[in-house]
Amino acid sequence: MIPQKTVQEIIDTAKIEEVVGDFVNLKRAGSNLKGLCPFHNEKTPSFVVSPAKNLCKCFGCGKGGDPVRFIMNHENMDFPGAIRYLGERYNIVIEEVEMTNEQRKERQKRDSLFILNQYASDYFAKELLETDEGKSVGLSYFKERGFREEIIKHFQLGYTSKQKDSFTLQATQDSHSLELLKKLGLTTKYGSDFYRERVMFPIRNLSGKIIGFGGRILQKGAKAAKYINSPESEIYNKSKVLY
Ligand SMILES: [Zn+2]
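Given the structure is predicted, the values throughout are model-derived calculations rather than measurements.

Rules and cut-offs
Residues numbered from 1 in each chain as written. Predicted model: local features only at pLDDT ≥ 70, side-chain atom pairs only at ≥ 80, totals over all residues. Heavy atoms only, no water. Domains from an automatic or database assignment. Contact = heavy atoms within 4.5 Å. Polar contact = N/O pair within 3.5 Å; in protein donor to acceptor, adjacent residues only side chain to side chain. Nonpolar A, V, L, I, M, F, W, Y, C, P; charged D, E, K, R; others polar. Helix = DSSP H or I, 4+ residues; strand = E, 2+ residues; numbered from the N terminus. Donors = N, O, S within 2.8 Å, 3.2 Å for Na, K, Ca; no water. Tetrahedral: all angles 85-135°; square planar, octahedral: opposite > 155°, others 65-115°. Core = buried A, V, L, I, M, F, W, Y, C linked by side-chain atoms within 4.5 Å. Buried < 20%, exposed > 50% of the residue type's maximum accessible area, 1.4 Å probe, protein only. Pairing = 2+ DSSP bridges. Axes fitted to C-alpha atoms, helices over the stretch in contact; angles between N-to-C directions.

A. Inspection of the domain arrangement of the protein at higher detail. As assigned here, the protein comprises domain 1 (4-89) and domain 2 (102-240). For domain 1 versus domain 2, the separation of C-alpha centres amounts to 29 Å. Opposite the 8 residues of domain 1 that make contact, domain 2 presents 8 residues. On the surface where domain 1 and domain 2 come into contact, there are 1 residue pair in polar contact (both at pLDDT 80 or more). Grouping the constituent residues of the side of domain 1 that touches domain 2 by class yields 3 nonpolar, 2 polar and 3 charged.

Shown next, in the form of C-alpha cells:
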C-alpha cells in the first residue's frame, strides 16, 4: 500500500504539461497548450492542456482530467498504478507499507460495495442501449441534449425502467446481497428499485470507481423529485465529492 502522504506528494508534484507532454506534441495557445488528442483520431488539435488548472481536456471526445486521470486513461492503469508511474516520473521514492488486518478487512468491505455499484452501472447502461424503453425514453433524451454515443458510453450513462423491482431481482439472482443493495441505496427498504424511469449518471471518486449515482426523472409533471442522488454510504461521502 502506498502511504497517503506520498500519494499527496506525487499529486502535488505532477505537472499536467509535462505528463501529457511525454506523449503528445504540445504547442502554446495563449495561456494553454494544445495538441492532437491521444484518445481519438483527429487532424486538428482539440486537446487542451491548462498548466494553471493542472488539467487537460479534449473538446472532441471529452476525455481528460488531472495528471493521475490522464495516466490512468492513457496507460490503462488503475489509480495506484498511475501513482507509481508518476512517482517514477518525478523520482519520488514510494515506501510501500504493509496493510494491517483491520485495514485489509475494511478494504474488502469497500471493494464489495464498488463491485456492486459497477454491476449496477453496467445494468443501467444495458437498459439504456439495449431495451426498447431505454432507447425510446432514455437514449432519445440524451441525443436530444446533444450527447453523442461515444460520450454516453465513455461516461457509462444509463437508464432505469418503469418496473418496480426488475433491477433488484436481477441483482439478487446474480448473487448480490440485498443488504448491500440497500446499503448503497440501490434498493429501498421495501425491496423495490430505488431508481425508476430515470436516466442515470454514475458518480466516481478520484480513482474512477463508482461511489454512487445521480438519477434524473424524465416524465413531465411527475410527483417524484426531478433529481435524486444515492444516499451517503461508506464509500460515498457527499461533502467530499464534487458533483
Ligand atoms: Zn479526444
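B. Up close: the side chain of Asn-117. Turning to its location among the elements, Asn-117 is positioned in helix α5 (residues 101-130). In contact with Asn-117, other than residues within four places in its own chain, are Leu-184, Leu-186, Ile-210, Ile-211, Gly-212, Phe-213 and Ile-235.

C. Geometry of the coordination of the zinc ion. The coordination sphere of the zinc ion, as far as protein atoms go, consists of Cys-37 (SG), His-40 (ND1), Cys-58 (SG) and Cys-61 (SG), spread over 2.0 to 2.3 Å. The site at the zinc ion holds 4 donor atoms, and with the angles between them running 101 to 119°, its shape is tetrahedral. Between the donor residues of the zinc ion, the gaps in sequence give the motif C-x2-H-x17-C-x2-C. Taken together, the residues span a long stretch of sequence, with Cys-37 in the loop between β2 (32-35) and β3 (47-50) and Cys-58 in strand β4 (residues 55-58) at a distance of 21 residues.

D. Geometry of the nonpolar core. Ranked by internal contacts, the top residues of the largest apolar core, which has 26 residues, are Val-20, Phe-47, Val-49 and Leu-86. Taken together, the elements giving at least two residues each to this core come down to α1 (4-13), α2 (16-21), β3, β4, α3 (67-74) and α4 (79-89). In contact with Leu-86, other than residues within four places in its own chain, are Ile-10, Ala-14, Val-19, Pro-67, Val-68 and Ile-71. If you look at the next biggest cluster of nonpolar residues, it comprises 22 residues, including Phe-167, Tyr-195, Ile-203 and Ile-211.

E. Structural context of the sheet that holds strand β9 (residues 227-229). Strand order in the open sheet formed by 4 strands is β6-β7-β8-β9, and the pairing between neighbours is antiparallel. This sheet does not close on itself; its edge strands, each paired only once, are β6 (158-160) and β9. When the angles between neighbouring strand axes are averaged without regard to direction, this sheet yields 30°. Where strand β7 (residues 198-204) and strand β8 (residues 210-217) come together, 7 bridges link them in antiparallel fashion.

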